[in-house]
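Commentary on secondary and tertiary structure
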Amino acid sequence: MSAHSLSAPLAWRLPRRAPLAALALVALVSAAPPGAAASEAAAPSLPALQTAIESTLKSAGVPGAAVVVIEGGRVALSVHHGVADLATGRRVRDDTVFRAGSISKTFTAVAALRLAEEGRLSLTASMADLLPEWTHDNPWANGHPVRLEHLLEHSAGLDDIRYRHYLLDSASMPLSQAVPAFGPYTLRWRPGAGTSYSNAGPVLVGRALERAAGQPFEALMAARVTGPLAMASARWVRSGDLHGRLASSYAADLRTPEPFVDTPGRPSGSLNITAGDLARLPLALLGRGSLEGVRVLSPASVARLESSATGQALPTGGALGWGPGLQAQPQGRALFFGHDGSIDGFVAHMAYAPSLNAGYVVMANALSEAPKSVTLQIRRYLERALPVPPDVGQPVTAAERAAWAGQYQSITPRQELLRAVIGLTQWEGARFEGDVLRYAGQRWFHQGDGVFRAEGAVAPGLRFVQLPSAGWGHGVLAHSLDGTRRRVPGWEATLKLGSLGLAALMLPWSLLMLPLWSRAAWRGRLQGSGSTRSALVLRLLPTAALWVAVAVPLGVLMLLGTGDLAWLGRPSVAGWAVAAAGWVAPVVWLVAAWRVWRVPAPPWPRIHALLQLSVAALLLGWLAAHGWLGLRIWA
């Protein structure tokens, strides 16, 4: 996992086991911006930077890593840390191959631009023309078909791949078979209306490139990207010639080996490569498409990679969103473009800043935040001579403050499955301190027309848009680099938070009352009309209805919390138990409601029962609306 933007949003896949917190990061498509790290002085020199990098990796216990720092348009520093394999003690060297994960998407995008330059396709072409065999559900198909650029820029509206897709393991499956294997494909909003990172899109792009080039994916990549850039180590599957050079990978405990999975979704995440060879990509992009006399892309195509054509347009120019295979990273003194990746225990980071003629590659063989910390150290070093962006902005009117302040929730989650959780528990508050906005843990300065720049950031990263009526309905939207949130109306926030608060009171209260009811029933003093048994049932059935309803989301979250793909991606006893709870819960509620309706009772027991049934009904209705009742998570 991880898109440790991450990058959790940028990851190709989950490790075999991952904490629930990491799953939540993926769902929210959020990650700490580079500028948000704790303040630390920049290394004054390359030797000092190398010492800092090695210290960070060593103190974190990262088994092995390779780091390349680019300065002045050339490789200025290479660091090889630790071991490629704990069992054998094999050291990390220049020829050690790591997995690049989602950085594979950048290579796929470069190939798409190459083919566009050759006139074989257009990024604005409809996928119905490029890949007519692709079946998908697009309610807006007549006026808004899915285009190649939507898939490259994560704006098609596709959900991320399912848990079972992470278990697909085949080095020989062609993309013509991988495309249906990663389905079904359903658009959640009009193409171009929102951004949500999806591993499914580049798989479709890769197959479209094959058809346009008349070559298998691996061959066209070798002919147009990795070959011209002299990336001799680049492999898209675990080929035999990687033996002795491929690093082993490890889980978050830095000891447990992770299995190598040859995903058939190769355009999205399967690239195996050395850090030195991977660094040749940012070197070529810094050269505006040329490296060592070989031109891979035109300067215009590089500029297209660095810009979003389908994201939220800014009045000041540009757009918030992904470019094809690259994301702008404005947090800091210089604007970087890059991509991160994570797959099977490997993590990788690649970014470059055209204004500095500099960049970096960081690759490691264990799930750790230390490589991310290394990227921050490198950025501080590369930006050391630049001034801090001034914290200045334009005035915000009282009407604008009233329109933009409030509570926001994501409407473009990476995983549609978690929309139910996000809609109840994930809130992002926006408030103003004079003309300064407090949002997402940062201070933001108004640049005009609802556009905001974060404190310490070199470029805008947020825009508020008032919608009188359109795709998402009425209200205010907050567009950021990774997605869109909507301002939640006060009545809705009150209803949601009030229901959660009432449930938080009723659940422990019902448990506290159980021994009291049991004792009173045993002594024959349970208040009610009719038999003691009827009076006890009147109390127990609503309690059971509430707890069975609560058991459904708790079961799903516990299952997700295991991070175990054997449970998430395949049918299991736990998975079927959660599905069964979703089927049983409405039945228990109906029986309890019928009993409360039919059996006479004193006011207090009836009020208590109705409160429990009301909370359970709200919860079950919410879960049903989001597909959680009877959820087969592996499907």
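How each quantity is defined
- Residues numbered from 1 in each chain as written.
- Predicted model: local features only at pLDDT ≥ 70, side-chain atom pairs only at ≥ 80, totals over all residues.
- Heavy atoms only, no water.
- Helix = DSSP H or I, 4+ residues; strand = E, 2+ residues; numbered from the N terminus.
- Buried < 20%, exposed > 50% of the residue type's maximum accessible area, 1.4 Å probe, protein only.
- Contact = heavy atoms within 4.5 Å.
- Areas by Shrake-Rupley, 256 points an atom, 1.4 Å probe, with all protein chains shown as cover.
- Phe/Tyr/Trp six-rings, centres within 6.5 Å; stacked < 30°, edge-to-face > 60°.
- Lys NZ or Arg CZ within 6 Å of the ring centre and 35° of its normal.
- Axes fitted to C-alpha atoms, helices over the stretch in contact; angles between N-to-C directions.
- Parallel < 35°, antiparallel > 145°, perpendicular 65-115°, else oblique.
- pLDDT = per-residue confidence, 0-100.
- Expected span 1.5 Å × (residues − 1).
- Core = buried A, V, L, I, M, F, W, Y, C linked by side-chain atoms within 4.5 Å.
- Pairing = 2+ DSSP bridges.

This part is about the overall build of the chain. In terms of helices and strands, the chain carries 20 helices and 22 strands. A buried classification covers 56% of the 635 residues belonging to the chain. Considering only contacts within the chain whose residues lie at least 6 apart along the sequence, 70% involve residues at least 24 apart. Surface accessibility of the chain: about 24,500 Å² in total, with carbon and sulfur atoms responsible for 59%.

In this section: the packing of aromatic side chains. A complete count under the given rule lists 17 aromatic pairs for this structure. Seen in terms of ring centroids, F98 and F346 are 6.4 Å apart; in terms of plane orientation they differ by 90°. Their pairing is edge-to-face. With F98 in strand 4 (residues 97-99) and F346 in strand 13 (residues 346-353), this pair connects stretches of sequence that are 248 residues apart. Residue F98 shares its accessibility class with F346, and that shared class is buried. Ring plane angle 85° and centroid distance 5.7 Å describe the contact between W404 and F452, whose orientation is recorded as edge-to-face. With W404 in helix 14 (residues 398-404) and F452 in strand 19 (residues 451-454), this residue pair connects regions lying 48 residues apart in the sequence. There is no split in this pair, since W404 and F452 are both buried. An aromatic cluster of three or more residues is present, and its members are W404, Y408, F432, Y439, F452 and F464. Its end group placed over the ring of F260, R99 keeps NZ or CZ at 3.8 Å from the ring centre.

A few words on the packing of helix 7 (residues 200-213) against helix 8 (residues 217-226). Interhelical geometry of helix 7 versus helix 8 gives an angle of 75° and a closest axis separation of 9 Å. The pairing of helix 7 with helix 8 is recorded here as roughly perpendicular in orientation. Contacts from G206, L209, E210 and A213 of helix 7 reach helix 8 at F217, L220 and R224.

This part is about the confidence of the model for the chain. Across the chain, the average pLDDT comes to 89, with 90% of residues at 70 or higher. Across residues 1-10, where pLDDT falls below 50, the model places 54 contacts with residues more than four positions away in sequence or in other chains.

What follows deals with helix 3 (residues 104-117). Between its first and last C-alpha atoms helix 3 spans 20 Å; for 14 residues at 1.5 Å apiece the expected length is 20 Å, and the two agree. With twelve of 14 residues buried, helix 3 lies mostly within the body of the structure. For helix 3, the full list of buried residues reads S104, K105, T106, F107, T108, A109, V110, A111, A112, L113, R114 and L115.

What follows is about the nonpolar core. Counting residues in each nonpolar core, the largest one holds 107 residues, and the members touching the most others are F107, M127, L204, I273 and M363. It is helix 7 that provides the largest number of residues to this core, a total of eight residues. Each residue touching M127, except ones within four places of it in the same chain, is listed here: P132, W134, V146, R147, L148, L151, L204 and A208. Counting 26 residues, the second largest nonpolar core, distinct from the first, contains V62, V67, A351 and L382.

With respect to topology, eight strands assemble into an open sheet ordered 3-2-1-14-13-12-11-10, the strand pairing being antiparallel. At either end of the open sheet lies a strand with only one pairing partner, and these are strand 3 (90-91) and strand 10 (322-323). Across three bridges, the pairing between strand 11 (residues 326-329) and strand 12 (residues 336-343) is antiparallel. Residue A328 lies in a different strand from strand 12, and its bridge partner there is F337. Sitting on the sheet, helix 13 (residues 370-382) touches strand 1 (64-71), strand 11, strand 12, strand 13 and strand 14 (358-364), and the angle it makes with strand 14 is about 165°.

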